[in-house]
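# Topology and contacts: notes
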Amino acid sequence: MADQLAIGSRRGLRPALPLLLPAYLWLTVAIFLPLSAMVFFSFMTDLPLAGKEWSFTLGNYAAFFSQSLYSTLLFASLRLGLEVTLWCVVIGYPAAYVLAKVLKGRSREAIFLLVILPFWSNGLVRIFSWAMVLREGGILDTALNAVLPFKINIDLMYSYPAVIIGLVHSYVPYMVLTCYLTLQAIDDSLIEAGRSLGASRRQVLWRVIIPLSMPGLIAGAALIFVPVVGSFMEPRILGGRTGTFYGTVIEDQFVAVFNWPLGAALSFILLAVVLIILALAAPVLRRAG
Amino acid sequence: MAGVQVANVSRSFGAHKALDDVSIDFADGGFYALLGPSGSGKTTLLRQIAGFDFPDSGRIAIGGESVERVPVEKRRIGMVFQNYALFPNMSVADNIAFGLSVRGEPKATIATEVQRALDLVQLGKLGGRKPHQLSGGQRQRVALARAIVTKPRVLLLDEPLGALDKALRVDMQIELKRIQREIGITTIFVTHDQEEALTMSDRIGILRDGRLVQEGPPEEIYDRPQSEFAATFLGDANIFRGDATGSGIKLPDGTTIAASTGASVPAGAKASCAVRPERIRIATGAAKPDPANANMLTGQVSKRIFAGNNSTYFVDRDGQALKVIVQNTGAERLAEGQPVVLSWSPDSTVLIAAA
Ligand SMILES: Nc1ncnc2c1ncn2[C@@H]1O[C@H](COP(=O)(O)OP(=O)(O)OP(=O)(O)O)[C@@H](O)[C@H]1O
Ligand SMILES: [Mg+2]
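As the structure is a computational prediction, the values presented were derived from the model and not from experiment.

### Considering the overall build of chain A
Counting its regular elements, chain A contains 13 helices and zero strands. Reading chain A from its N terminus to its C terminus gives the helix and strand order α-α-α-α-α-α-α-α-α-α-α-α-α. Seen through its C-alpha atoms, chain A measures out along the principal axes to roughly 75 × 70 × 35 Å. The proportion of buried residues among the 289 residues of chain A is 37%. Nonlocal contacts in chain A, meaning residues at least 24 apart in sequence, comprise 64% of its contacts between residues at least 6 apart. As displayed, chain A has an accessible area near 16,600 Å², and 72% of this comes from carbon and sulfur atoms. Charge centroids of chain A, computed over 20 positive and 14 negative side chains, lie 10 Å from each other.

### Points about helix H10 (residues 201-229) of chain A
Side chains that are three or four residues apart share a direction in an α-helix, a result of its 3.6 residues per turn. Spanning 29 residues, H10(A) covers only 35 Å between terminal C-alpha atoms, well under the ideal 42 Å at 1.5 Å per step. Its axis deflected by about 50° at Met214(A), H10(A) carries its strongest bend there, up to four residues before the proline Pro215(A).

### Comments concerning the nonpolar core
Across soluble globular proteins, nonpolar side chains show a tendency to be buried alongside one another. One finds Val84(A), Val6(B), Leu45(B), Leu156(B) and Ile188(B) to be the most contacted residues of the largest nonpolar core, which totals 70 residues. At 11 residues, helix H8 (residues 160-184) of chain A tops the list of elements feeding residues into this core. Dropping the residues within four chain positions of it, Leu156(B) is found in contact with Leu46(B), Ile49(B), Ala50(B), Ile77(B), Gly78(B), Met79(B), Val80(B) and Ile188(B). Core analysis: the second largest hydrophobic core is formed by 34 residues, Leu86(B), Val114(B), Leu123(B) and Leu134(B) among them.

### As for the domain arrangement of chain A
The extent of an interface is frequently quoted as the accessible surface area lost upon association of the parts. As assigned here, chain A comprises domain 1 (1-37) and domain 2 (60-288). Domain 1 of chain A and domain 2 of chain A are separated by 28 Å when their C-alpha centres are compared.

### Section: the site of ligand 1
Residue and element names in this part refer to chain B. Around ligand 1 sit 13 residues in total, of which Ser 38, Gly 39, Lys 42, Thr 43 and Thr 44 are the nearest. In the model, an oxygen atom of ligand 1 is placed 3.2 Å from a nitrogen or oxygen of the Ser 40 main chain. Here an oxygen atom of ligand 1 sits 3.0 Å away from a polar atom, N or O, in the main chain of Gly 41. Compared with its free state, where it exposes 630 Å², ligand 1 has 60% of that area covered by protein. For the shell around ligand 1, the secondary structure elements donating two or more residues are strand E2 (16-26) and helix H1 (42-50). Of the residues that constitute the shell around ligand 1, the class distribution is three nonpolar, eight polar and two charged.

So, how was this worked out
- Residues numbered from 1 in each chain as written.
- Chains lettered and ligands numbered in written order.
- Predicted model: local features only at pLDDT ≥ 70, side-chain atom pairs only at ≥ 80, totals over all residues.
- Heavy atoms only, no water.
- Helix = DSSP H or I, 4+ residues; strand = E, 2+ residues; numbered from the N terminus.
- Buried < 20%, exposed > 50% of the residue type's maximum accessible area, 1.4 Å probe, protein only.
- Contact = heavy atoms within 4.5 Å.
- Areas by Shrake-Rupley, 256 points an atom, 1.4 Å probe, with all protein chains shown as cover.
- Lys, Arg positive; Asp, Glu negative; His and termini not counted.
- Charge placed at Lys NZ, Arg CZ, Asp CG, Glu CD.
- Expected span 1.5 Å × (residues − 1).
- Bend = angle between axes of the 7 residues up to and from the residue.
- Core = buried A, V, L, I, M, F, W, Y, C linked by side-chain atoms within 4.5 Å.
- Domains from an automatic or database assignment.
- Near = heavy atom within 4 Å.
- Polar contact = N/O pair within 3.5 Å; in protein donor to acceptor, adjacent residues only side chain to side chain.
- Nonpolar A, V, L, I, M, F, W, Y, C, P; charged D, E, K, R; others polar.

Below, the structure written as structure tokens:
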């Protein structure tokens, strides 16, 4: 992969410029401008709206370091991100494998549709339907008690597992799609070559298929981990009181407390932490891939 | 090492019979070419032997024992794929080491074996490269080294030289043959290329529509094809169709062609004769009977194709285009439109029963 990049840069970026321009223009307008406004806010004492007094300060950033609550919540969110990502790998990778290598034709299309269905449903609808399933006397509880001879109480609602379930459901399609694409690109003859050389199915999986699908796993993990760490909707609705995470605190600053400067500062700290984690992980992952 | 016995193997995909009652005995240590047009079942047969696919009926044995219930990884075969199928994420050395390493060989053994295999295919210094940094011929040799380093009982090659240009192909043919002799491994080689099949193999099997048409040493198939298909698929042949006379055939216009090799066909039955273009003599002037070349026809040169060391003449005989190949000895060349006499020996004429 490194060599391909080298070839690209040798040819120079200039021929690619007209192709890149629309994307960069859009990114500038849609991301850079609002984001720089947020950077600006994060150094203010108050919003410059409604004629309030304001001045520049580092206090919003200092708040993160002076109150242990924020770093505790950040750790909780990072852990949540890690767990959800792992579950997405555990659930999404086998599904992608079956889609790419086992199923053919119509059945593949049908299963594919089922996998990406969550993408097309409204996020809130999705979360509230989980609430219907998970609460006591909900669908899961009723169904299990209908088939089981003994009485059990299933009330996953407002718990950490509920948050995990909701988030995994929302994000697993990313993992399935990215892994499906890389698995699809692995020639079946590589698998057969491995087997003809004496490797069992399991050995072929570990030594050939997984290393070759690493780019998909990494892309999927990055696509999932980053937004999950900052997520607030699932934790709030499915987690209830246990659903206080870094993302919900940021959301509070914007929609409830109206302390935009603090919310912005907390977001940038999150962004920095996530970037550092990705930068640290990059060399390790590159070697694995 | 071991021979491979394929007995009455059939394999269908839906209604399509990809293999239809194929039986071949691949001798221990032999070099066997499977030849046939596209879609004739060559790859399918190889896949049955390798264990990637399973026959609907029939038996396959390697080294005398049935492999019906033996999965691919236990069959101890080496396979070279048409697209080489090198692991793109591994270096050349790791590719070759793969088979030994999954078997759990000690590191030191693996290192020496890999180096020996690299030397055998004359790639001694390229162990550290990635497959995409190699040329087509080098990749092919890595694939070969990877397949033989595990000391398989049988080497299966599916058109391994298909992607190479002519010059490299010839080099690789020689190299492959050298390596095969050196390790004496039973080799089954699928090819489209009849010349490759003729020059490299001890025996050839010709497949057509999933059936084994003919099987035997190259000389035998070339000199005594048992069907028009075998005659025209392996090399070039002029085919005459008529009624058997007991010692040859009689063409519809009454001309008789004597044949002293091939099938024995009862007089009166439909039959054909095949003659190789290089066995026919071409002459100008009056037809002189010659007991050594008793078969004689007249015609007109319709086209000449010059190919350096030889020329191919197309001779028109009542609408049938006959092909004659003449060595380029510097003698006078025949002009198009010139009347000529063609003659050849009954020994060079193969009688074939009508299908
Ligand atoms: N998995 C499969 N499903 C359905 N049909 C198949 C399958 N594999 C092979 N066939 C069919 O079986 C026939 C023989 O195929 P095979 O690949 O053995 O041909 P081949 O002799 O190797 O041809 P080529 O020289 O083009 O490689 C073909 O008609 C092919 O379409
Ligand atoms: Mg084939």
